[in-house]
Every structure is written in structure tokens, then in C-alpha cells.
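One letter stands for each residue in the lines below.
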Amino acid sequence: MINRFRDLDFGGVVCNVSFDQYLESEPKWQAFVNAVKSARDAGFAMWLYDERGYPSGNAGGITLRDHPEWQAYGLLIADTRSPGGLVTLTLPPGKLILANAFAVKDNRIDLSDKIDLASRIADGALSWQAPSGNWYVMAITESTLYEGTHADSNLYAKIPYINLLMPEPTARFVDVTYDNYAKYLGPDLSQYFMASFTDEPSLMSLFLRPMPYRPLPWSPGFSAEFQKRRGYPLKTENLPALVTNAGPAGAKIRYDYWQTVGDLVSENYFGQIRTRCRQYHIPSGGHLLLEEGIVGHVTLYGDFFQCIRHLDAPSIDCLTSIPAEVPWYVARLLSSAGELEGRPLIMSETSDHSQVYRPQGDQRSKQVVTEAQIRGTCNRLIVSGVNCITSYYSFAELKDDQYRRLNQWVGRCCASLRGGHQVIDIAVVYPTETLWTRFEPSRHWTSGAKDALAIEKIYRNISESLFTSQRDFTFIDSQAIQDATAQDSAFIHGPLKWRVIILPGVDTLPQAAWDKLARFVQQGGVLIALGALPANNETEFPSRRIKALAREIFGQSAPDTLPGHTPQCHINDRGGVGLFLPNGLEGMVPQLLNQLLEPDTRVSPAQSPIRVTHRRIDDHDIYFTINDSDQPWQGELTFAATGPGEHWNPATGALESSLSANSVSLKLESYGAAIFRFTSARAPKRYPLSQDSMPTITLKSLPQTKPTMGHGEFVKAQLTSDINRVSDNASVWQAAATLTKSDVDTHLFLVFHYDQPLDLSDADCLAIDTHIPENQATPSQILVIIHETGGGDFLASSGRSMSQSGWDRTYLPIASFNLAGWSKDANGLLDLDKIADIRVGWGGYFGKENESIQFSTTQPRSGVITGK
């Protein structure tokens, strides 16, 4: 096997002792030691995997042997809303700790005004005759977490899992795992391994299939840890604040609860593994579960960023090899944590799993990925900070020379970019604290966390906007902000220097972080707020002090006009800039950056599939440039570099040319790449910004048309002209629905049809004005569908909750519309000159019989961003 891999130019292997009699067979240990020593003698790089499959922590079942009290544990919540009348709830399994009814006012509960319903429980069910009104009824139990979780639903081993909130199970895990490897290979494991790898540990407090109740992570000692760390008790009667809106007091409880969860997971699991790995002289590596969606990060880890900071070799799992689907933003997130901690090694498990795995009953044929697609996949990961690729490919239909070309390509690119530090001007804040205050547990995935999902949408939109506009960036957390120093219009964090900070929906940070950001702007820095303004610190929700800081940064008119529908800019006497953009206008940021800051790499033509990252390594500046397209590309690149340069070709390892200037003409094949090396680089120029140079958005009315209504079988609906409401002098239409059956998939859309197909080729976005009535609690979002004449349906979520009362305007970038999962289209692309109708409504909602759902909307409008 070793000889075969060497012949194909693989660089090494991931490995562990045999799964057969895992960790407990002397012959298996000897076989492993022999193999590891042989691989080392052959020059192989090796990673040491710490589990019998995944998720890590069980040690193949040994950890929980004789210790069932260490199993993953949680709070299980059954809840419902009622306008009065008979309320019934089936209790979740486990020990009952609370059963209450709360009156709902202004779509929130009052924790101090409750009715104890424990006496109304019999035979595992709650039954209560509610008075007329608006009630929230909830029952909470304590129970182990298994059914419906990753422990029960993963593709490897379905066995109970450990509780990461407790130190004891992880201590046992590292004893039987890492200590055994050191016993058989010696206390210096760096003789053999680049790093260890822990695989998809989690709190198990997320359901991968629909369940009748909602989970939160818990442990027997959690209340004591909470009081120790937060300075006050987490009382049982306050737990409902973790489930639904309980006003400012509830926001404080959520913040402190999730901070405690994050502290415990990072210390008890990742911290213990890191300590033991350092004892044995290897970096602790690994990847976390469900990295792609940041809302899931909350329930699975508390503070995902804090956890990945504890990895000495942060890693990801890329399960697709279709380049356009590759989660480059996860690679950038993990590599960003590595940059902040000074970690030189970033790994990705990389495969064509999504193309070849088919569950039982799935009749789709397997998809063969090509050499070019594999290269394009690795390019996306490497340009986003990965510098070590572990292959889990099926390698269907590849020949030996293709293996060698891919391995040589990856090896050259990774070797060229490992070490040093990222050279970057732009940092996007990972919105941990804001997610804490908005997170609500769900019966399936994170579907019920509607307000948190709106933050995730902004986060993803700004990431994609920067990526596609050739603006490289990094992610930072509140700790990085607090650790940085504001100096000469920049934030300095060790060798890293950021001149633009972007807040994606962030309204909550620790006071110390807000103070640092204010100092940054005072010193001439640029702060861009998307969709929200500073409002809360760690103790006040909202905080007068933070709102005053928002007025200082973004202008005195902030309390009256923000967050609103118009971009706003405030420039101080040091040239510091505070910019606010409404939700949905994240695509305007690249245009604003062009007014503020010279690109580190200028690409011509500008609308090109070129992505670039810049590193300073060993007194040289390295620019890694990829063609993120399946078509050849030709154009001009201009780098903010100085001195002589070199152009290296990763396909051959050859010096293509020496450069006398920082501007080059370049041709790249499909998913090609180039490496440019200069002796030095200058800081890109900062441009003075004036109000006159600000991009603006101009709305254009579309042809007036009376909407029709489409809805599901179990929806009774009525469409009326809403004469009581007028938005910007436009006609308003109201859709009122009543569900006629519980727990079935329902939908309703208002359909604006155009007899003559619309041409939206010049539009940057759609503007949708909607109104939601008071006290509506529907946990769905307003959706918009664009239907193409003779083609498919293209869907975008507005991020606006159906429980957020009042009028609001949502901007939906045209680029955010993707082919709906139920639809087919000839080329899979939205043809903007063939728009047959625009549909506004809701769907995919599993509600209760007799539930009422209403919304109002005006005619959609198109938006054009000017001053680009």
C-alpha cells in the first residue's frame, strides 16, 4: 500500500489503530506500530485520528462503559400557543421540571406572570382549559439526548454519546486514546504525526429528523457552573426565556446561558485534548459538526469560534467536489481562527461524498467528478486558507497520471502557502453574541430559530459578495476585537492589520469590544453595519450607552432613521467612517469598498471568476490566484506589490516568468491557478469618502397587476385589498389564511403575473414591502419566488420573520435567487429577461389546525444601485 501511494505521489495517510478490538488488542497495537514506522521511513506525513469512526469522544464505546451518567443530556421542550380553550401537550421523555402557561403580550412572555400547570398532568400528557386570550404553554423535562440526534442518525455507529458539558467523559476519552498512542509510540508523537484529528464531537442538541419536542444542552452540574461563572443562579422558572421571547430580561438569560455552554465545551472537550496533545508534542486538530450553518453552531457548541480557537490544527470536512458548491466560507472561518492563534496548519477532509453517496431508496445515479473538478475544489479550499488536503475521494475513472497531477498540484499549492500570515484589510465579525440573544431551539434542524436565521442570511450574503468581487477577508470574533489595538486608522492584531470591519447583523457585543470599535473609528477606521445597529452589551438589552455609541459612529440621526430603508454614512474629522446598509443590500458593500480602499489585487475585467489570497511568508509576498470557473480565462492582474516578482505554475512547478512590474497579463485554464511571489508589497491606498460618492439605490415600479393567490390543500385563504394600510402610496394586498390540518406541509403565495415578460437584466435587487399583524407567532420567513417564462422557479428567503409585526422593506439581491428544489429549468440559471411572475408568501410550514396566518404586501419593485 505504501509503495502504491508513493508511486501516485500521495504525501501521506490518516491513520488509527484497528477498529477490530479497538484500543484493547495487543496484536492490533503491534500491527499499527509497525505500519506507522514503515510509513515514517517512507517519508509519509501522517495524521492521528482519535476515534473508532465518528463522532469522536466515545472511544468506540469505552468512554461510557460503566458510566451511563456521562451520556449527552438535555432539556426537552413541548410547547404550543393558544387563543383559549382546551390545550393538550404530550410530555417529552424524562423528568418533568416545569409546566407553565404564560400570557403573551407584544409577542413576548412575562416570566413573572405564569400559571403552574403541573397539577394538570396525567399519564404523560398535559390538559388545560385556557381562558380566552393569547397563551404560551410549555412543559420542560430533563433527559438523555440520543433519538433523532447525530448519535442516532450518523452513517457510522449509532450508539449513545458523551456529554461535552462535563469534564469527566473527555478526561476518560483522552486517557484511553491519546495516552495509549503515547504508550506504544513514545511520548513524542511528533516523530510520526503532523497532528491529531478529533471528528465531529457535539452536544447532540439538534435533531436531524423531525421530533415532537425541542432540545437544549444540559448537564447535572450546569446550574452550579452557571452561577459560578455568571454570578447569579439560573432558576428553573427562567428556563422558558431560552425557548421564546421573554423581553430584555430573557435576552440577558440567553446571553449568559450560551456563553456558559461555550465556555464549558471549549474547556472540557477541546481544551483537554489540546493539553494532552501538547504534552505529547503534536498539534490538536479536527473538525466540528455541521460547520456550514452558523445558527447550528449555537446549539451544538455554544461558541463555535471559541471552540475552533482551541484547535492547534483547525480542519473542515468538504463533502462535495462540485466547485460551485464547495463551502469555501467554512475554510475561511477555520483558517481565520488559525490566523488569530498563529496556527500554521489548516486541513480539509475532501471528497465526492455528495456525488456518490445514495441512501436506500435514492434512485439517482452516482455522479463522476472529473480531474478538473477535483482541482477546482481544492483551489477553492486553498485560496480560503486550507494548506493540507486529506483525500476521501472515490476516484472513479481516474488514471494513474491524473492521480499524480492532482497530488503534485495540491502539494505545490499548499507548500507555497503554508506559514507566515494572511495580508488582509477587511474583517467580518462572526456574530456569536447576537446569535445567542436570538436563538430558539427547533424540532428539526434550526428551522424554528427564525430570528437567528435572519442573521445567518446577512452573514452569508456579505461573505459571498466579498468573495465574488475579489475582496479577500478574514473572520474575527469579539475576543479578537478586544485583543486588537486601534492605531492610525487600522486594527492591529499581532502581524494582522485590518482597516475595514464589517458587522453582519451584529447588535450585541461585550462592552469592551464596542469600546474598541468606537476607538477604531475615532482613529480613522471604517465600520460597516449591515441590517442592524449597535444596541446591546453583555448586561443591558438594550443599552443606553451602546445606543449613544451608535449615534457617535453612524450619526446623530441614527435613532430616528435607523435601521431604515436607506443607506446612511457618517464621516468624522479623522476620516473615520460609519456606514449603515439595510438588510438585503450586502451586495452594495463591494461598490462602497471601491470608493474607500484600493483593491490588494485589481482584476480586469472586473466581473471575472478570479479569486486571490495574499500571504507574507519568509520576507516575501505570495499571491495565490485561481480561476474559479470551468471556462478558460484571460485578463490583467495588478498587485499592490513592489520590487521584482516571479510567476510560478503549480501544474509544472516551473518558474513561468520573472516580473519587472506588479501588473501582469495572465491566461488560466479551466480551474487553473498561478502563484505570484514578490519581494514586498505596499498597503493599498485608502481613499477619502464623501457623501456625494456614496452609492445609492433607486427603486423602479414594475407594471401594476392585481395578484392572484396560490396555496396548499390544507389552507383556507382569502385575498383582499387592504384599504386600512398604504405603503408609499402603493396598493396593499392582504392574504389571510387558516390551516385546516395539523403537522402537514402548507404554503400560500400572492402571485403577481405579467402578461408581457419582465426584463430585470439591469436590476440589482427586488424591494418587497410587507406588513405582519401584532402577536402573530408563525416561525417562518417571507419567501419570494421568481418564475421564468417557460422555465423554473427561483427562490430566495427575505430573512423577514412572519412574527415580526409592522411594516418592513426587504431588499433581495437578484444573485440570491436559486433554482427551487422542486423545480426544473433547462440551464439551471435565471434568465432575467423572461420573468413571468413574482410570488410573495410563505411555505414549508408545519402548523396547527385552525392557526391563522396573515401578511400584507405591495407590488414588488426593482432596485438599481447607482454610483458603482
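From a predicted model like this one, the values you see are computed outputs, not experimental measurements.

**Some words on the packing of helix 4 (residues 167-176) against helix 7 (residues 247-279)**
Working step 1: Running from N to C, helix 4 and helix 7 point in directions that differ by 30°, and their axes come no closer than 9 Å. When the interaxial angle is binned, helix 4 and helix 7 end up roughly parallel. Regarding helix 4 and helix 7, the two cross each other, and that crossing is right-handed. Residue-level contacts link Pro-167, Thr-170, Ala-171, Phe-173, Val-174 and Asp-175 of helix 4 to Asn-268, Tyr-269, Gln-272, Ile-273 and Arg-276 of helix 7.
Working step 2: Among the residues making up the contact of helix 4 with helix 7, the classes are represented as 6 nonpolar, 3 polar and 2 charged.

**Regarding the sheet that holds strand 33 (residues 673-681)**
Working step 1: With respect to topology, 6 strands assemble into an open sheet ordered 16-27-28-33-30-31, the strand pairing being antiparallel. The open sheet has two free edges, formed respectively by strand 16 (421-422) and strand 31 (654-659), since each of these has just one partner strand.

**Thoughts on the environment of Ser-680**
Working step 1: With respect to the secondary-structure elements, Ser-680 resides in strand 33.
Working step 2: With a relative accessible area of 24%, Ser-680 lands in the partly exposed category.
Working step 3: Leaving out residues up to four positions away in the same chain, Ser-680 has contacts with Arg-616, Asp-621, Ala-641 and Thr-642.
Working step 4: A distance of 2.3 Å separates the side chain of Ser-680 from the side chain of Thr-642, its partner in a polar contact.

**Comments concerning the side chain of His-614**
Working step 1: Tracing the backbone shows His-614 in strand 27 (residues 610-617).
Working step 2: The exposure class assigned to His-614 is buried, which follows from its relative accessible area of 2%.
Working step 3: At 2.7 Å, the side chain of His-614 forms a polar contact with the side chain of Asp-600.
Working step 4: One polar contact links His-614 to Asp-621, side chain to side chain, over a distance of 2.6 Å.
Working step 5: Residues contacting His-614, with those up to four places away along its chain left out, are His-421, Gln-422, Val-423, Asp-472, Asp-600, Asp-621, Ile-622, Tyr-623 and Ala-681.

**A closer look at the side chain of Asn-268**
Working step 1: Of note, Asn-268 is situated in helix 7.
Working step 2: We classify Asn-268 as buried; its relative accessible area is 9%.
Working step 3: A polar atom in the side chain of Asn-268 sits 2.8 Å from the backbone oxygen of Leu-165.

**Overview of the sheet that holds strand 1 (residues 12-15)**
Working step 1: In spatial order, the strands read 1-2-10-12-13-14-15; together these 7 strands make up an open sheet with parallel pairing. Lying at the two open borders of the sheet, with one neighbouring strand each, are strand 1 and strand 15 (388-391). Across the sheet, the mean angle separating the axes of adjacent strands is 25° when strand polarity is ignored.
Working step 2: Judged from the 4 bridges that link them, strand 13 (residues 313-318) and strand 14 (residues 347-350) form a sheet pairing that is parallel. Residue pairing across strands places Asp-317 opposite Glu-349, the latter belonging to strand 14.

**Examining the pairing of strand 30 (residues 641-649)**
Working step 1: Of the strand pairs in this sheet, strand 30 and strand 33 are connected by 6 bridges, and their pairing is antiparallel. Its bridge partner being in strand 33, Gly-645 is matched across the sheet by Phe-678.
Working step 2: In this structure, strand 30 lies alongside strand 31, joined through 5 bridges in antiparallel fashion. By the bridge assignment for strand 31, His-647 is matched with Ser-657.
Working step 3: Once strand 30 ends, the chain turns through 4 residues before running back antiparallel as strand 31, passing Gly-653 with a positive phi of about 75°.

**Some points on helix 2 (residues 26-41)**
Every α-helix carries 3.6 residues per turn, so stepping three or four residues along brings you back to the same face.
Working step 1: Across its 16 residues, helix 2 extends 23 Å between first and last C-alpha, which sits within 8% of the 22 Å expected from 1.5 Å per residue.
Working step 2: Buried within helix 2 we find Trp-29, Phe-32, Val-33, Val-36 and Ala-39. Buried residues of helix 2, viewed axially, fall in a sector of 135°; they line one side. Away from the buried face of helix 2 by more than 90 degrees, exposed residues Pro-27 and Asp-41 are located.
Working step 3: Gly-43 sits one or two residues past helix 2 and shows a positive phi near 85°.

So, how was this worked out
Residues numbered from 1 in each chain as written. Predicted model: local features only at pLDDT ≥ 70, side-chain atom pairs only at ≥ 80, totals over all residues. Heavy atoms only, no water. Axes fitted to C-alpha atoms, helices over the stretch in contact; angles between N-to-C directions. Helix = DSSP H or I, 4+ residues; strand = E, 2+ residues; numbered from the N terminus. Parallel < 35°, antiparallel > 145°, perpendicular 65-115°, else oblique. Left-handed = near helix turned anticlockwise from the far one by under 90°. Contact = heavy atoms within 4.5 Å. Nonpolar A, V, L, I, M, F, W, Y, C, P; charged D, E, K, R; others polar. Pairing = 2+ DSSP bridges. Buried < 20%, exposed > 50% of the residue type's maximum accessible area, 1.4 Å probe, protein only. Polar contact = N/O pair within 3.5 Å; in protein donor to acceptor, adjacent residues only side chain to side chain. Expected span 1.5 Å × (residues − 1). Arc of directions from axis to C-beta.

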